[in-house]
Amino acid sequence: MGAIARCGTEGGNLVLILHGHAVCGGAAVGRLRFYRHGRVSAQLRHVEDAGQEIERLRHALSRAEQELEDLAENAEEQEAAEIMELHRMMLADEDFRAAMEGRIREKGIAAENAVLEVSAEFESLFSTMDDEYMRARSADVRDVSARLVRILTGAVAGGLDTSVPVIVAADDLAPSETVQMDKSRILAFVTMFGSPNSHTAILSGILGVPAIVQLGTDLLPEFDGKLAAVDGDSGTLYIDPDEETVAMIRQKQEDSQRIRQELENFRTKESQTGSGISVRVCANISTPEDLRAAVENGAEGIGLFRSEFLYMESGQRPDEDRQAMIYRRVLKEMGGRRTVVRTIDLGADKGAEWLKLPHEENPALGCRGIRLCFSRPELLHEQLRALYRASPSGDLAILFPMVTSCGEVKRLREMARQVREELRMEEIPFREDVPLGVMIETPAAALISRDLAREADFFSIGTNDLIQYTLAADRQNPHVEQYWDPYHPAVRELIRITAQAAREAGIPAAVCGELAADPKLTEYFISLGIHELSVSPPQILPLRRHICSLP
Ligand code: PEP
Ligand code: MG
């Protein structure tokens, strides 16, 4: 998007101005801090002396083996020790070693490049095997290779190195990275690449901090530590801003503060049009910490709790008790207002190291959401147990993501029935009447919504994925952004079909994708009989004010 430099008013310092794609509005001033990724990559490098490079590789291999041996010895759990031992055996594998050394010899590339190339081949080989155990090994290959590359390149573990609030800068951020950051230390997000429809962008919306993506490679890591100012409305980042720019950004902050105060009047108002049609305005949240923002902004309920973030934030699998405790807390804090928890929608861009997901060529079309749960039923079983155990604490509803057929919903309902049966046998209290809903986020689900309406207690239309899958435009890929058209007639038609099916079946239909907050569509949604719009907490009050202004 390009950068220009301008002379500051003091006459001395140069203000560098970068333009990107505005994702979340607002303004911020603070120090830039570059996020250090834990993930591994290596610049392609050619070497003169292949023999010497092979020696470097062998040295790294023995260091990695030593690390794994130490980890296995010190592991508290037998399972962890076994994994370390398995990784050590992989490193010792003759074929793996020969392939890496061969690559250095034939292509004259650096050891880390050879490791990455060979591991990608082994990963994809494992991931296409029939045997489920062997398929799962592809993630182990990725793990051991990452260890080797870290040793070879001296890369450090990821993180945000700060004790004060900063403007977080990065090339791009994965949802698993964003969710692990200390939110109280984030003033804004600015990235070189990234898509405005990604989950990272959605997370910044939930936090209510300004965010700009696609600032390009002019956003140099050397800027780390510099003072910067962010205008999230126009998508402008100022590096080394002069006094005039800082004053302009501060003014914007004051303006938004004033607008917020005006919106306060709508906190306890009913979301009702002039002609008396009521629409519930609810909150989308990703972690229990987002609850405060939801309540403060007057959410009438939680329309979408993206529960998979619980599985991504701590770096380990949350067990049933911990989950039940979290769901209980959310339900209690919502004090009887409907809380829709979506079962884990892991896969695609939402991975977690511990899950060891196999590599997929097209992960958005792969083993995501309920598909992952069908291949690893213990994950969903545990989550459903936790949800039902928490159910007496409030008004819970459960929502299933990535549905494409009625058979899937029948299977999910059966899993839920078995969990209820188990809890009954164990004499654990739960609510029998927890509604089970279906996300309509694939064209298939929308087209068969009449049939699905017989299996589901409610619908929630996930427009983010519905747009992605209908228009064949990857929401993560900025190069196909021009095909991502939220107003495309095909998307509208699928929403219309779904709303009609819900009306005919007498079940409620909500919209919970980012489109729910678009004021250009509010009247359209209301005309379709959509009963609930679920949006990021900072969008609740502007949307309610808009609904109240409608005839
Ligand atoms: C959606 O797809 O619209 C949705 C709400 O879910 P997510 O953005 O988490 O995929
Ligand atoms: Mg979705």
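One can find the structure itself at the top, above this paragraph.
So, here is what we can say about the structure in this document. Model, not experiment: these values are computed from the prediction.

## Notes on helix α18 (residues 489–505)
Next, step 1: Helix length check: α18, at 17 residues, gives a terminal C-alpha distance of 24 Å against a target of 24 Å (1.5 Å per residue), a fit within 8%.
Next, step 2: Restricting attention to buried positions, one finds in α18 the residues Val491, Leu494, Ile495, Thr498, Ala499, Ala501 and Ala502. Projected down its long axis, α18 carries its buried residues within an arc of 160 degrees, all on one side.
Next, step 3: Of the residues trailing α18, Gly506 is marked for its positive phi of about 75 degrees.

## Considerations on the coordination of the magnesium ion (ligand 2)
Next, step 1: Within the protein, the atoms that donate to the magnesium ion (ligand 2) are Glu441 (OE) and Asp465 (OD), at distances of 2.0 to 2.1 Å. Of this pair, Glu441 sits in the loop between β14 (436–440) and α15 (443–447) while Asp465 sits in helix α17 (residues 463–470), and the two are 24 residues apart along the sequence.
Next, step 2: Using a relative accessible area of 2% as the deciding quantity, one classes Glu441 as buried.
Next, step 3: Looking at Asp465, the relative accessible area reads 3%, which means it is buried.

## Topic: the site of ligand 1
Next, step 1: Every one of the 17 residues lining ligand 1 counts as a neighbour, but Arg306, Arg342, Gly462, Asn464 and Arg475 are closest to it.
Next, step 2: At a separation of 3.1 Å, an oxygen atom of ligand 1 approaches a polar backbone atom of Thr463.
Next, step 3: Protein contacts shield 100% of the accessible area of ligand 1, which totals 290 Å² for the unbound molecule.
Next, step 4: Examining the composition of the shell around ligand 1, we find that 3 residues originate from one element, α17, more than from any other.
Next, step 5: Of the residues that constitute the shell around ligand 1, the class distribution is 4 nonpolar, 5 polar and 8 charged.

About the thresholds
- Starting from 1, residues in each chain are numbered consecutively following that chain's sequence as written.
- By the order in which they are written, chains take letters starting at A while ligands take numbers starting at 1.
- The model is predicted, so local features are restricted to residues of pLDDT at least 70 and side-chain atom pairs to those at 80 or more, both for listing and for counting; the totals for chains, interfaces and linings are taken over all residues.
- Values shown for side chains rest on all heavy atoms present in the structure; no hydrogens or waters enter the calculation.
- Numbering of helices and strands starts at the N terminus; helices are DSSP runs of H or I of at least 4 residues and strands are runs of E of at least 2.
- To estimate the expected span of a helix, count its residues, drop one, and scale the result by 1.5 Å.
- The buried label goes to any residue with under 20% of its type's maximum accessible area, the exposed label to any with over 50%, and the partly exposed label to all in between, with areas taken from a 1.4 Å probe on protein chains only.
- Directions from the helix axis toward the C-beta atoms define the arc.
- Coordinating N, O and S atoms are those within 2.8 Å of the metal (3.2 Å for Na, K and Ca), and as water is not part of the atoms, a site may appear to have fewer donors than expected.
- Note on terminology: near, applied to a residue and a molecule or strand, indicates that one of the residue's heavy atoms is within 4 Å of it.
- We call two N or O atoms a polar contact when they sit within 3.5 Å, provided that within protein one can donate a hydrogen and the other can accept it, with sequence-adjacent residues counted only if both atoms are side-chain atoms.
- In this description, accessible areas are obtained by the Shrake-Rupley approach with a 1.4 Å probe, and a residue is regarded as covered only by the protein chains that are shown.
- Throughout this entry, Asp, Glu, Lys and Arg are counted as charged residues, while Ala, Val, Leu, Ile, Met, Phe, Trp, Tyr, Cys and Pro are counted as nonpolar. The remaining residues, Gly among them, count as polar.

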